[in-house]
Amino acid sequence: MIKRKKTREVRIGDVGIGGDNPVRVQSMCNTDTRDVAATVKQINELADAGCEIVRIAVPDTSAAAVLQQIRSESKVPLVADIHFDHRLALAAVDAGIEGLRINPGNIGGSDKVDAVVSAAAERGVPIRIGVNGGSLDKSLLEKYGGPTPEAMVESALEHVAMLEKRGFEDIKISLKSSSVLNTVAAYKLLGEKVDYPQHVGITEAGTLVRGAVKSSVGLGILLWEGLGDTMRVSLTHDPVAEVGVAWEILRSLGLRERGPEIVSCPTCGRTEIDLIGLAQQVEDRLREVEEVFTVAVMGCVVNGPGEAREADIGIAGGKGLGIIFRKGEVVRKVRGNENLLPEFMKEIEKFLEEKRGK
Ligand code: SF4
């Protein structure tokens, strides 16, 4: 059982982070923010996949100019990602964006920090300070001999101090490095020093498989240690996949569940159907289902139902047929390879209707 570190609560719109809230799942759009239709489409696809907060880049004034429209069409609270230009942060707050990701030390003079802080305070907009191991100040790199966890934490605390000095404590912190071990060490150190909620992630983790593995190991260790209040899995891929990976990490650790758990066998010499294709299609079709249940997709009738006895519903392939089972008990046989997916989906729909009717 994981005992989570107690942190303060901040709220991004109606989504609480830290305190007694569950670990939140977030992601970031990779659309051009100025393309409102594409950005809104992606935000809402992310939301349908279970993403609770979406971050969007605001690189210039034309992106800032469309924030209000994007905000009005988004299903979930948004965070504006801003670098260097405090006017973009003011515009984002004005547009009703619920969170800012900006480092106060990088936006120029003290008057600019004052302006952003007072606008954020007035509208109840939290600020995420995000330190990236790859962009630390030269002085810190020299002091610590590189982007060490200590250097990252010191950098974050410098930014924090600039906000605290102005009476602003509606803060989240992220410390990202593409090194799993450095990231873990940095968040642990940060957790010993302050109780602001932690936004956890492994940055530049890589393409789908590498990124999912690296993120799962890094986030898995942190979450197991009770750290992390909101998480982002970073992948060089469609961001919707990031959300799926994040939920699987949370499910694996028993922290949160959403949607079906799909168990499938690795296939072997007994497999006589296109099991890999079938499992993938079942997963794709169930992507937006929120109900928690277990689906098994197994390669053979000899071992399949038995191996997946705990599954709520499953299918096991044979020669030209599939056997549909519930909790290991056979309920139906389907003939013809082409009928396996449609008939199995019908049974899953039936199962879900019964479950929803309860
Ligand atoms: Fe092989 Fe059957 Fe086990 Fe799949 S369920 S790995 S096909 S024995």
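This write-up is about the structure you can find in this document. (Residues numbered from 1 in each chain as written. Predicted model: local features only at pLDDT ≥ 70, side-chain atom pairs only at ≥ 80, totals over all residues. Heavy atoms only, no water.)

Quick notes on the layout of surface pockets
Roughly 830 Å³ of volume is contained in the largest pocket. Looking at the lining of the largest pocket, the elements that each hand over two or more residues are helix 9 (208-224), helix 10 (239-252), strand 11 (261-264) and helix 11 (275-285). Tallying contributions element by element places helix 10 first for the lining of the largest pocket, with 8 residues. Of the residues in the lining of the largest pocket, the class split is 16 nonpolar, 5 polar and 7 charged. Two domains share the lining of the largest pocket, each providing at least three of its residues, namely domain 1 (10-252) and domain 2 (261-355). By volume, the second largest pocket is sized at about 360 Å³. What lines the second largest pocket is a set of 24 residues, among which Met 28, Arg 55, Thr 203, Arg 232 and Ser 234 lie closest to the centre. Where the lining of the second largest pocket is concerned, the elements lending two or more residues are strand 7 (127-132), strand 8 (171-176) and helix 10. The dominant element in the lining of the second largest pocket, judged by the number of residues it contributes, is strand 7, at 4 residues. For the lining of the second largest pocket, the class distribution of residues is 6 nonpolar, 10 polar and 8 charged. (1 Å grid on protein atoms, 1.4 Å probe; cavity = no way out; pocket = protein on both sides within 12 Å on 5 of 7 lines; lining within 4 Å. Points joined across faces, edges and corners; volume = space filled by probe spheres on them. Helix = DSSP H or I, 4+ residues; strand = E, 2+ residues; numbered from the N terminus. Nonpolar A, V, L, I, M, F, W, Y, C, P; charged D, E, K, R; others polar. Domains from an automatic or database assignment.)

Considering the sheet that holds strand 11
The sheet built from 5 strands is open, its strands ordered 11-12-13-14-15 with mixed pairing. What marks the edges here is a single partner per strand, and that holds for strand 11 and strand 15 (329-335). Looking at each pair of strands side by side, their axes are set apart by 20° on average, direction ignored. Pairing analysis gives 6 bridges linking strand 14 (residues 321-326) to strand 15, with the strands arranged antiparallel. If you follow Leu 321 over to strand 15, its bridge partner there is Arg 335. Contacts from helix 13 (residues 340-357) reach strand 12 (294-298), strand 13 (313-317), strand 14 and strand 15 within the one sheet, and its direction differs from that of strand 14 by about 15°. (Pairing = 2+ DSSP bridges. Axes fitted to C-alpha atoms, helices over the stretch in contact; angles between N-to-C directions. Contact = heavy atoms within 4.5 Å.)

Brief notes about the packing of helix 4 (residues 86-94) against helix 5 (residues 110-123)
Two numbers describe how helix 4 lies on helix 5: the axes approach to 9 Å, and their chain directions differ by 10°. Between helix 4 and helix 5, the angle falls in the class roughly parallel. When you trace helix 4 past helix 5, the crossing you get is left-handed. When helix 4 is examined against helix 5, the residues His 86, Ala 89, Leu 90, Val 93 and Asp 94 are found in contact with a partner set consisting of Lys 112, Ala 115, Val 116, Ala 119 and Arg 123. Partitioned by chemical class, the residues of the contact of helix 4 with helix 5 number 6 nonpolar, 1 polar and 3 charged. (Parallel < 35°, antiparallel > 145°, perpendicular 65-115°, else oblique. Left-handed = near helix turned anticlockwise from the far one by under 90°.)

Some words on unusual backbone geometry
Phi at Phe 84 takes a positive value of approximately 70°, unusual for a residue other than glycine. The residue Thr 267 is not glycine, and still its phi comes out positive at about 70°. Residue position: Thr 267 is located in the loop between strand 11 and helix 11. Note on Thr 267: relative accessible area 27%, which makes it partly exposed. (Buried < 20%, exposed > 50% of the residue type's maximum accessible area, 1.4 Å probe, protein only.)

A word on the pattern of salt bridges
What the rule picks out here adds up to 32 salt bridges. Here Asp 229 ties to Arg 4 by a salt bridge, and the two come within 3.2 Å at their closest N and O atoms. Of this pair, Asp 229 sits in the loop between helix 9 and strand 10 (230-232) while Arg 4 sits in the segment before strand 1 (10-12), and the two are 225 residues apart along the sequence. What makes Arg 4 partly exposed here is its relative accessible area of 24%. Among the salt bridges present, the one from Lys 75 reaches Asp 48, with a minimum N-O distance of 2.5 Å. With Lys 75 in the loop between helix 3 (67-73) and strand 5 (78-81) and Asp 48 in helix 1 (residues 36-48), the pair connects residues that are 27 residues apart, well separated along the chain. Classification of Asp 48 as partly exposed rests on a relative accessible area of 26%. (Salt bridge = Lys/Arg side-chain N within 4 Å of Asp/Glu carboxyl O.)

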